[in-house]
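# Coordinate inspection notes
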Amino acid sequence: MTAESARNRRGTDGDGESRDLGDSCAGGHCGFVDGDVFQYLIVNPHGGGVRDLLNYGAWGDARNGVKFLESSKGVDFAAAVASDRRWVIVISIIARRVIAFFRKPMEWTGFLVDFVLNLLSENGNFLGLLYNFIRGNVIVPHRDSDTFISTVGHLDGRIDLYKGMNVPDQHDDSAFEQSIVRVELGNRALMDLCIMASKLAYENKKVVRNVVVQHWKMHFVDFYNCWNDYQQERSTQVFMLCDKPVDANLILISFRGTEPFDADDWCTDFDYSWYEIPKLGKVHMGFLEALGLGNRTNTVTFQENLDLDKKKYALASGADASDSEASASTSNEGFGSEMADVTAYYAVRSKLKSLLEEHKNAKFVVTGHSLGGALAILFPTVLVLHEEIEVMQRLLGVYTFGQPRVGDRQLQRFMEEHLDYPYPKYFRVVYCNDVVPRLPYDDRTFLYKHFGICLYYDSWYTEQKMEEEPNRNYFGPRYLIPEHLNAIWELFRGLTMGYTHGPEYKEGWFSILLRVVGLVLPGLSAHSPTEYINSVRLGKEPMFK
């Protein structure tokens, strides 16, 4: 082996340490770009049986653990990971297998809950439903109508922007526009628009359009229900708006988050699989799949979509992906011509570039809650990777709420170079004991790290600026009792918010029911968008800094 070839067979891990890649490319999955190597680790919860999992979990038999792992770096690396982080992997496998087992019951429960909630709301709650039933005038909800509200929408019924920002003549007020198109710590107007758009992303297209146009008096651009090739379904939703139809100042992109009864979404949050992109770092594989940038059943697709091969990239740019099936196929070049379903990254990128060309003075902001927050930060990350310099110069900011971790420390360093200059553009909002920002696990093997400015709010809605939220991995005996005591306080607070802060903050019975569930699973109830809306609107500086 020559010295040059030896150098080409070495790489850098997520923390910048040199490691020998050796015979790391297994099964033809691993690709080379300018001497760099695309690497991956897949945690497959169904790679072994129950006996394998028992032997691995109870007795630490790495030979059984390897059955659940697939790595481009070979069996030895998988065995080292299986031995070093046994409990993290076991918990991930058990959680994902349990969730997968209840996939259909969760789906049916979701349909039933959505139907019942909308049946009650459209008939004036229980007494109104009873009255309409006696009269034979029961209103039956239709899932795609402009009155059908999601489970998340029923948790928090607020749709108007805060403090009169939705008045009809707001766009004649230059002060309003300046208050929105300004990135600074504590910009309540912009933060409120982002959290409300993040919550609105859970709704169907007709509801989104109605709220944007009728309540916010803004310009609705488009709504995408995008294809996830790994899940083989349209599971990634995103919508776009402008603050006005002509000469807009602001373009907003909002990704939908984890749906409460979607097993695939929750499995993604508990997944520890990563894909390593040269010069960029390790990125959560499930989130890349949700953006439509690859499929773990054929890991070559990640390289095909993320590689800066100029000829392929020019083809992938294509026309507006939402216009036709033909353009959708063009904009998904990395998947091959047989792929006729639009994917999120290419659809949004194409439309964004046309909007920026149309509105010369506009800047754009990206936002999302939960899983949507992960996609919101990964979208500009891939724009940087694809050297979309002109587009990134128009980025106003990224605001995420309850966002899980998306990558390792190398990704952190890479993105901070592009999001911190000349001013910070990435703000990660975390409420108290929300479990999702503590996922996936942050340790020295899986290397998942948060980055960006963390705006942390405690249960009194006191805002603190920090690098990492407290109790970064959530699970631990020292936090167990405080978490449940805090859940009791949150239940009491939810019952009294309407009296202490006004009718706008009064919580409905469904939200209170979630808080009761929070007595057992406090990290779940803390993930509700209600907490994030209240944090933005009621957040206050600490009394003692």
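Bear in mind the structure is a predicted one, so any value in this text is a computation, not a measurement.

Here the focus is the sheet that holds strand 6 (residues 69-71). Spatially, 6-5-10-11 is the arrangement adopted by the four strands of the open sheet, whose pairing is antiparallel. Each end of this open sheet is capped by a strand with a single partner; those strands are strand 6 and strand 11 (281-284). Pairs of neighbouring strands in the sheet enclose a mean axial angle of 15 degrees, with direction left out of account. Here strand 5 (residues 39-43) pairs with strand 6 via three bridges, running antiparallel. Residue pairing for strand 6: V43 is matched across the bridge by L69.

For the rest of this paragraph, the subject is the confidence of the model for the protein. Confidence in the prediction of the protein, expressed as mean pLDDT, is 82, and 81% of residues score 70 or more. The spread of mean pLDDT over the elements of the protein runs between strand 2 (residues 18-20), the lowest at 34, and strand 9 (residues 250-255), the highest at 97. This stretch, residues 1-35, has a pLDDT under 50; its non-local contacts, to residues over four places away or in other chains, come to 71 contacts. pLDDT under 50 marks residues 164-172. Its contacts with residues more than four places away, or in other chains, come to 20 contacts.

Turning our attention to the pairing of strand 11. Sheet topology note: the strand 10 (residues 274-277)/strand 11 ladder contains four bridges and is antiparallel. The partner of W274 across the bridge, within strand 11, is H284.

One broad trend across soluble globular proteins is that nonpolar side chains are buried collectively. Membership of the largest hydrophobic core comes to 59 residues, with the highest contact counts inside it found for I253, F255 and F364. With 11 residues, helix 18 (residues 371-385) is the single largest residue contributor to this core. What I253 contacts, discounting residues up to four positions off in sequence, is V238, F239, M240, V348, L352, F364, V365, V366, T367 and F379. In this structure, L241, V430, C432 and L455 belong to the second largest nonpolar core, which totals 46 residues.

So, on to the sheet that holds strand 14 (residues 426-431). Overall, mixed pairing links the eight strands, which are arranged 7-8-9-12-13-14-15-16 in an open sheet. Each edge of the open sheet carries a strand with a single partner, namely strand 7 (219-228) and strand 16 (463-466). Taking the axes of each pair of neighbouring strands and ignoring which way they run, one obtains an average angle of 20 degrees across the sheet. Direction of pairing for strand 14 relative to strand 15 (residues 453-457): parallel, over a ladder of five bridges.

Let us now look at the packing of helix 18 against helix 20 (residues 409-419). The interhelical angle for the contact between helix 18 and helix 20, taken along N-to-C directions, is 80 degrees, at an axis separation of 11 Å. The angle between helix 18 and helix 20 falls in the class roughly perpendicular. Between helix 18 and helix 20, the contacting residues are I377, P380, T381 and V384 on the first element and L411, F414, M415, H418 and L419 on the second. When the residues that make up the contact of helix 18 with helix 20 are grouped by side-chain class, the tally is seven nonpolar, two polar and no charged.

This next bit is on the packing of aromatic side chains. This model, assessed by the stated rule, comprises 15 aromatic pairs. Among the aromatic residues, ring-to-ring pairing joins F255, Y345, Y346 and F379 into one connected group. One cation-aromatic arrangement involves K282 over W274; the distance from NZ or CZ to the ring centre is 4.8 Å. The ring of Y423 is capped by K425, whose NZ or CZ atom sits 4.6 Å from the centre of that ring.

Quick notes on the rules
- Residues numbered from 1 in each chain as written.
- Predicted model: local features only at pLDDT ≥ 70, side-chain atom pairs only at ≥ 80, totals over all residues.
- Heavy atoms only, no water.
- Pairing = 2+ DSSP bridges.
- Helix = DSSP H or I, 4+ residues; strand = E, 2+ residues; numbered from the N terminus.
- Axes fitted to C-alpha atoms, helices over the stretch in contact; angles between N-to-C directions.
- pLDDT = per-residue confidence, 0-100.
- Contact = heavy atoms within 4.5 Å.
- Core = buried A, V, L, I, M, F, W, Y, C linked by side-chain atoms within 4.5 Å.
- Buried < 20%, exposed > 50% of the residue type's maximum accessible area, 1.4 Å probe, protein only.
- Parallel < 35°, antiparallel > 145°, perpendicular 65-115°, else oblique.
- Nonpolar A, V, L, I, M, F, W, Y, C, P; charged D, E, K, R; others polar.
- Phe/Tyr/Trp six-rings, centres within 6.5 Å; stacked < 30°, edge-to-face > 60°.
- Lys NZ or Arg CZ within 6 Å of the ring centre and 35° of its normal.

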